[in-house]
Amino acid sequence: MDTNPFHEDDLDLRNRPESCTLVIFGATGDLTHRKLIPALYNLAAAGELPAGVRVVGFARRPKTDDEFRAGLEELNRKVSRHSHHDDLWRQFSRTISYHASEFQDAAGYDALRQRLEALEAEGASGNRLFYLASAPEYFDDILAGLRQAGLNRPRDRGWSRIVVEKPFGTDLPSARRLNRIVAETFPERDTYRIDHYLGKETAQNIMVLRFANALFELLWNNRCIEQVQITCAEHLGMEGGRGGYYDTAGALRDMVQNHLLQLLSLIAMEPPADLTADGVRDEKVKVLKCLRPIRGAAAVAENVVRAQYTSGNVDGQPVVGYRREDRVNPGSLTESYVALRIMIDNWRWEGVPFYIRMGKRLPKKATEISIHFKEAPRVLFNALNAANGATAGNVLVIRIQPNEGISLGMRSKLPGPAARLQPVKMDFDYQTSFGRSGPEAYERLLLDAMAGDATLFARDDEVEQAWAFIDEIEHAWHQSPEPPPMADYQAGSWGPKEADLLLKKLNHQWRRL
Ligand code: BG6
């Protein structure tokens, strides 16, 4: 008798993506060219894009459909995961058109509505997916335009949904305000706040690793885990004019508030009641509510390190320091690196530090999470281990990117007559096991929005909880009379020495990537 309650066919519990017209606001920008269109093209190439999807690019610059498509094609050739085939591109790009309008111009939205109705009369699906990919200062205008033209209203003929790109606010008050305006326009169930880290295959695998295997979950608590580290290293600096935005944000707002706190939530959450969007998000919000606030300049100085890179070498090339980057204020007080020690005040994690570090201009691009288990009792081999310097103990490493995979470090006896221990590891990597590393995050997220599945998108309260935690730190940095210092690190190094000292306080050290 088959005792396995799961059958292969049952295992994909997701709704199916439905055809729709995708309206992208800010269609002439980088995100559309580098991420959204290549993601749609890849889906089309893989036969996964629902039939009949149309794309309308909405932006201010006057352009013809052909000019718009030509610009998209140029970048798609460079960045798409599937190789660019002229025939496929021609077929795919026929579904793309361009709509020029100012974001503040009510007539532009009426014209958009007429255009959508015309497409629908020609046979396009009645479902409409609006995507805010413009600079965030236009979000209010676009939402107001959609409301005035009645484009947000549910109709008999299909759904209307909104996808909101990051940054979702710059602090708690602005995020609350944006949540309110979005809620006046679309109900929460039709709102999809993008955090592309959640679309990464390896981030999705965290829940599977934890809740589809009995082994790890039994050890997943403060009795067995000593500390957790989340590292996001980038070798890039402020190329391509990025300094303009980055200098107003900094590492804490740009990456920690969203992507890295999301990873932390997935690692720390309790098993959800079910795999529905709210089942999962309820548990992630609980983690965020349990983060011990880092409040006041003294606590921030004790638990957080901020730093800027000075000139150095990356990939063998000399690079300038942060303050000399294009579009960065020469007197800038924006951090290009941040390291934090975060405590989670709940039963499972009491006393376990979660360290997060993120930096630009580090030696390489890599994101990983390492779970450091407690040492075995010191009695038998550990004395020996200390004597011959084999230090690494049981560390579970989740490589988010690149070389996606999971490894488990342990100690082994070195073969031979001498009693010597050596660190070794068991390794699983996507390439060997599956022959591939999974789709780009935006491919998965676009399909999920078309399927009405918000599990991999941030909910309103999740975003606000994360900002509440981040705001305290920003406040101490920028508004206290004696703000915690700004450290520095050489471009191409692994960050400031202050970040090493942060871990040393509890006798820990950063894992070498
Ligand atoms: C973005 C940040 O959200 O994520 C960038 O704004 C960062 O500063 C990027 O470089 C990293 O994404 P990924 O997928 O390349 O790790």
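Bear in mind the structure is a predicted one, so any value in this text is a computation, not a measurement.

Criteria and thresholds
Residues numbered from 1 in each chain as written. Predicted model: local features only at pLDDT ≥ 70, side-chain atom pairs only at ≥ 80, totals over all residues. Heavy atoms only, no water. Buried < 20%, exposed > 50% of the residue type's maximum accessible area, 1.4 Å probe, protein only. Helix = DSSP H or I, 4+ residues; strand = E, 2+ residues; numbered from the N terminus. Pairing = 2+ DSSP bridges. pLDDT = per-residue confidence, 0-100. Contact = heavy atoms within 4.5 Å. Near = heavy atom within 4 Å. Polar contact = N/O pair within 3.5 Å; in protein donor to acceptor, adjacent residues only side chain to side chain. Areas by Shrake-Rupley, 256 points an atom, 1.4 Å probe, with all protein chains shown as cover. Nonpolar A, V, L, I, M, F, W, Y, C, P; charged D, E, K, R; others polar. Core = buried A, V, L, I, M, F, W, Y, C linked by side-chain atoms within 4.5 Å. Axes fitted to C-alpha atoms, helices over the stretch in contact; angles between N-to-C directions. Phe/Tyr/Trp six-rings, centres within 6.5 Å; stacked < 30°, edge-to-face > 60°.

**Some thoughts on the pairing of strand S14 (residues 395-401)**
- The buried fraction of S14 amounts to seven of the seven residues, a majority that puts the element mostly inside the structure.
- Examined bridge by bridge, strand S13 (residues 366-373) and S14 share six bridges and lie antiparallel to one another. Note that in S14 the partner of Ile369 across the bridge is Ile398.
- Sheet topology places S14 next to strand S15 (residues 405-413); four bridges connect them, and they run antiparallel. Within S15, the residue paired with Arg399 across the bridge is Gly405.
- Between S14 and S15, which follow one another and run antiparallel, lie three residues, and Asn403 among them has a positive phi close to 45°.

**Some words on the confidence of the model for the protein chain**
- Taken over all residues, the pLDDT of the protein chain has a mean of 93, while the share at 70 or more is 95%.
- The low-confidence segment residues 1-11, where pLDDT is below 50, has three contacts with residues more than four positions distant or belonging to other chains.

**Here's the deal with the site of the ligand**
- As a structural note, the neighbourhood of the ligand is formed by Lys166, His196, Tyr197, Lys200, Glu234, Arg242, Asp254, Met255, His259, Lys360, Lys365 and Gln401.
- A distance of 2.8 Å separates an oxygen atom of the ligand from a polar atom in the side chain of Glu234.
- At a separation of 2.7 Å, an oxygen atom of the ligand approaches a polar side-chain atom of Gln401.
- Taken by itself the ligand offers 400 Å² of open surface, and the protein chains cover 81% of this.
- Here the shell around the ligand takes three residues from helix H10 (residues 251-268), the largest share from any one element.
- Of the residues belonging to the shell around the ligand, the class tally is two nonpolar, three polar and seven charged.

**Structural notes on the nonpolar core**
- Core analysis: the largest hydrophobic core is formed by 143 residues, its most contacted members being Phe25, Phe130, Tyr131, Leu261, Leu340, Phe354 and Ile369.
- Among the elements that take part in this core, H10 stands out by supplying 11 residues, more than any other.

**Here we look at the sheet that holds strand S3 (residues 96-100)**
- Here six strands make up an open sheet; going across it, the order is S3-S2-S1-S4-S5-S6 and the pairing parallel. At either end of the open sheet lies a strand with only one pairing partner, and these are S3 and strand S6 (191-193). Put simply, the sheet's adjacent strands are angled 20° from each other on average, direction ignored.
- Here strand S4 (residues 128-132) pairs with strand S5 (residues 160-164) via five bridges, running parallel. Note that in S5 the partner of Phe130 across the bridge is Ile162.
- Helix-sheet contacts for helix H5 (residues 139-148) involve strand S1 (21-25), S4 and S5, and the interaxial angle to S4 is about 160°.

**Regarding the packing of aromatic side chains**
- Taken as a whole and judged by the stated rule, the model has 21 aromatic pairs.
- Pairing Tyr41 with Trp89 gives two aromatic rings, centres 5.9 Å apart and planes at 45°, and the pair type is tilted. Linking Tyr41 in helix H1 (residues 30-45) with Trp89 in helix H3 (residues 86-93), this pair joins segments that are 48 residues apart in sequence. Each of the two residues, Tyr41 as well as Trp89, counts as buried.
- Residues Tyr192 and Phe457 carry aromatic rings whose centres are separated by 5.1 Å and whose planes lie at 90° to one another, so their mutual orientation is edge-to-face. A residue pair is termed long-range when its members are at least 10 positions apart, and Tyr192 in strand S6 and Phe457 in the loop between helix H15 (441-451) and helix H16 (460-479) qualify at 265 residues. A single burial state applies to Tyr192 and to Phe457, both of which are buried.
- One aromatic cluster is present, built from ring pairs that chain together Phe25, Phe58, Phe103, Tyr109, Phe130, Tyr138 and Phe186.

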